[in-house]
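So the chains spell out like this:
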Amino acid sequence: MAESLPTSPKRARRDEPSALSSSSVSLTEELQCSVCLEVFSDPVSTPCGHNFCRSCLKQCWDNSHIYSCPMCKETFSKRPDLKINTTLRQVVLHYKEKFIVRRSEVLCDICDERKMKALKSCLMCQNSYCETHLEPHHRVPNLKKHKLMDPVENIKDYICQKHERPLEFFCRDDQTCVCVFCTDGDHKTHNTVPLEEMSKEKKTQLKKTQTDVQQMIQERIKKIQDIEHSAQLRKRSTDEEKAASVEVFSALIRSIERCQTELLEMMDEQQKAAEKQDEDLMKDLEQEITELKRRDSELEQLSHTDHHLHLLQVDSSLYRPPHTKNWSEISMKTGVSVETLRRALTQLQETLDDKLTHTVLRRMQQFAVDVTLDPDTAQTKLILSEDGKQLKLGDIRHEFPYNPERFDYCVCVLGKEGFSSRRFYFEVQVKGKTDWILGVARESVNRKGKITANPQNGHWTVVLKDGNNYKACAGPSVYLSLRVSPQKVGVFVDYEEGLVCFYDVENRSLIYSFTGQTFTEKLFPFFCPGLNDKGKNSAPVIILPVHYNK
């Protein structure tokens, strides 16, 4: 975090002006650094044309990663290489030589030999006096009436050139110092005030301006700190997103590799089984061939015999073909079937989808927030638990004072906390219910009379009606086909990305996503338990603590 810049002027130096003429005051303002509020020291100029003390600008830029002009806030892509403005430095040096009075150099005008340091200057005598020669002004009655001031060299700057009298008044109309004779002459009808009074006003004004400038400095320092903090949060979020992305794809790669291994193992097992079957079939065939050859040999011998009696005495089975397998009904497998591959790929796809959804949901659960129902917004028939975590519809309308934040017709309620940046996630149990509405709503959403929930009216919600009719209130509604009824719904919002997602937590599946939305207000969790439907829908809506699924 950047250190705070100086918020008060430096201690007055010995060469600070004790008093300036009206012309020098204007010049002082022109030669004043807007950071330290003093006359420039080693002035440098920014590319946008503004001037600052080199040390002041260096301190501003050393304490920040953003290089911008303290005056106009123009930001530079890289830190400018600043050179001393030699022309402006010469002007400053000339100004200091001409207008700045060195008190230590004001000497007594009366001392003859060794001049002593002056203690006071007299506007009436137009002389400066050391302590010794000032003594008559404290003792002589006429001299006691003279106006004394801190010693100055150019005492004529404090004397009216027209009347040779001290400049004791200030003309507001002409914005100039005047003497008492001027107030009876050219400035008689003008608004004049004693110089001391005007000096106090100027000091008060300067102090107020200084306070305002210091406040502006602090505000800009705070803004720089906010930007740096935001940049740190953004970098941290980006790093987390990168890590999450690596985790997602690493998990997918591991799943693919595991499924690939399982598929190859299955193919190997099928190949081995086919080879074993082939070996068994070949053995059977070889045995049958051997048997057939033996029978063929016997038949060959019998076909050449001339012993009729012997032929008649031969076993009758020789006159029939031997019993063998019907090999035409046995097919040969050439490899893994297409259907087997299709089933394996389908299983792989389901595994990957489940893994991806699980990883995304786990990532969203990291942004869980503590949501509590706001009783000041609840419709008067709603019953809220003491801890603000459960909601159901009662039979009696309770009497409450009028509240512009309360829903008066629709049985709805908002969460206490609103969110206007980054991401947040919460989970709600809807088990046993046949009707409900969940989501988020913007802060200015209509809360009186009949309400149509859609993004145009400030609602991003999903609805269940009649036990199995799900739809997203997207204006027009989008009807949803869900394999199972969600018992626990997760709601995730990415404010900057304009994203609102609804998840079936237990089945780790996406219900619906609103994408490409634009949020300009705070978003509040939105709940509606639906009507009781003669007790069929009396189960409460419950805000659950989020358990991080690993």
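Okay, so let's go over this structure.

### A short note on the overall build of the protein
Then comes step 1: Helix and strand counts for the protein come out as nine helices and 23 strands.
Then comes step 2: Burial analysis of the protein (550 residues in total) assigns 34% to the buried set.
Then comes step 3: Look at the contacts in the protein between residues 6 or more apart in sequence, and 59% of them connect residues 24 or more apart.
Then comes step 4: Surface exposure of the protein reaches about 34700 Å², of which carbon and sulfur atoms provide 51%.

### So, the pattern of salt bridges
Then comes step 1: Overall, the coordinates contain 18 salt bridges when judged by the stated rule.
Then comes step 2: For R139, the salt bridge goes to E135, with nearest N and O atoms at 2.7 Å. You can see R139 and its partner E135 sitting in helix α4 (residues 135-139), four residues apart, about one turn around the helix.
Then comes step 3: Classification of E135 by relative accessible area gives partly exposed; the value is 35%.
Then comes step 4: For R172, the salt bridge goes to E197, with nearest N and O atoms at 4.0 Å. Of this pair, R172 sits in the loop between β8 (169-171) and β9 (176-178) while E197 sits in helix α7 (residues 195-303), and the two are 25 residues apart along the sequence.
Then comes step 5: Several salt bridges share partner residues, and in doing so they unite K58, D62 and R79 into one network.

### Remarks on unusual backbone geometry
Then comes step 1: With an omega of 5°, the peptide bond between G475 and P476 qualifies as cis.
Then comes step 2: The topology assignment puts P476 in the loop between β17 (469-472) and β18 (478-480).
Then comes step 3: Backbone geometry at K73 places phi at a positive 70°, although glycine is not the residue there.
Then comes step 4: Mapped onto the fold, K73 is located in the loop between β3 (67-68) and β4 (75-76).
Then comes step 5: Look at K73 and you get partly exposed, because its relative accessible area is 32%.

### Focus on the sheet that holds strand β5 (residues 120-122)
Then comes step 1: Read from one edge to the other, the open sheet built from three strands follows the order β6-β5-β7, with strand pairing classed as antiparallel. The open sheet has two edge strands with one neighbour each: β6 (127-129) and β7 (148-149).
Then comes step 2: Of the pairings in the sheet, the one linking β5 to β7 comprises two bridges and is antiparallel in character. Residue S121 lies in a different strand from β7, and its bridge partner there is M149.

### Thoughts on the sheet that holds strand β19 (residues 488-494)
Then comes step 1: One open sheet accounts for seven strands, arranged β11-β12-β23-β14-β19-β20-β21; its pairing is antiparallel. Strands with a single pairing partner mark the edges of an open sheet, and in this sheet they are β11 (382-384) and β21 (509-514). Ignoring strand direction, the axes of neighbouring strands in this sheet form an average angle of 20°.
Then comes step 2: Across seven bridges, the pairing between strand β14 (residues 423-429) and β19 is antiparallel. Note that in β19 the partner of Q429 across the bridge is K488.

### Observations concerning the side chain of S128
Then comes step 1: Note on placement: S128 falls in strand β6.
Then comes step 2: Relative accessible area serves as the criterion here: at 3%, S128 is assigned to the buried category.
Then comes step 3: A distance of 2.6 Å separates polar atoms of two side chains, one belonging to S128 and the other to S121.
Then comes step 4: Once residues lying within four places of it in the same chain are set aside, the contact partners of S128 are V106, L107, C108, D109, I110, A118, K120, S121 and V152.

### Points about the pairing of β14
Then comes step 1: Most of β14 is tucked away, with six of its seven residues classed as buried.
Then comes step 2: Bridge count between β14 and strand β23 (residues 541-544): three bridges; the pairing is antiparallel. For V428, the partnering residue across the bridge sits in β23 and is I543.

### Some details on a negative patch on the surface
Then comes step 1: Side chains of E262, E265, D268 and E269 sit close together on the surface and give a patch of like negative charge.
Then comes step 2: Position of E265 among the secondary structure elements: in helix α7.
Then comes step 3: On the basis of relative accessibility, which here comes to 44%, the residue E265 falls in the partly exposed class.

### A few points about the pairing of β17
Then comes step 1: Of the two faces of β17, the one holding Y470 and A472 is buried and the one holding N469 and K471 is not buried anywhere.
Then comes step 2: Relative to β17, strand β16 (residues 459-465) is paired through four bridges, and the arrangement is antiparallel. The partner of V462 across the bridge, within β17, is A472.
Then comes step 3: Count of turn residues in the β16/β17 antiparallel hairpin: three residues, of which D466 carries a positive phi of about 55°.
Then comes step 4: Sheet topology places β17 next to β18; three bridges connect them, and they run antiparallel. For Y470, the partnering residue across the bridge sits in β18 and is L480.
Then comes step 5: In this antiparallel pair of consecutive strands, β17 and β18, the connection spans five residues, and G475 shows a positive phi of 60°.

### Some remarks on the packing of aromatic side chains
Then comes step 1: Evaluation of the coordinates by the stated rule reveals eleven aromatic pairs.
Then comes step 2: With 5.0 Å between their ring centres and 80° between their planes, Y512 and F514 make a pair best called edge-to-face. Per residue, the accessibility class of Y512 equals that of F514, and both read buried.
Then comes step 3: Members of the aromatic cluster, each reached through a chain of ring pairs, are W61, Y67 and F76.
Then comes step 4: Over the face of the ring belonging to F400 we find R406, whose NZ or CZ atom lies 4.7 Å from the ring centre.

Conventions adopted
Residues numbered from 1 in each chain as written. Predicted model: local features only at pLDDT ≥ 70, side-chain atom pairs only at ≥ 80, totals over all residues. Heavy atoms only, no water. Helix = DSSP H or I, 4+ residues; strand = E, 2+ residues; numbered from the N terminus. Buried < 20%, exposed > 50% of the residue type's maximum accessible area, 1.4 Å probe, protein only. Contact = heavy atoms within 4.5 Å. Areas by Shrake-Rupley, 256 points an atom, 1.4 Å probe, with all protein chains shown as cover. Salt bridge = Lys/Arg side-chain N within 4 Å of Asp/Glu carboxyl O. Pairing = 2+ DSSP bridges. Axes fitted to C-alpha atoms, helices over the stretch in contact; angles between N-to-C directions. Polar contact = N/O pair within 3.5 Å; in protein donor to acceptor, adjacent residues only side chain to side chain. Patch = residues over 30% accessible without salt bridge, like charges linked within 9 Å, V, L, I, M, F, W, Y side chains within 5 Å. Lys, Arg positive; Asp, Glu negative; His and termini not counted. Charge placed at Lys NZ, Arg CZ, Asp CG, Glu CD. Phe/Tyr/Trp six-rings, centres within 6.5 Å; stacked < 30°, edge-to-face > 60°. Lys NZ or Arg CZ within 6 Å of the ring centre and 35° of its normal.

Take it as geometry only, folks, not as evidence of what the structure does.
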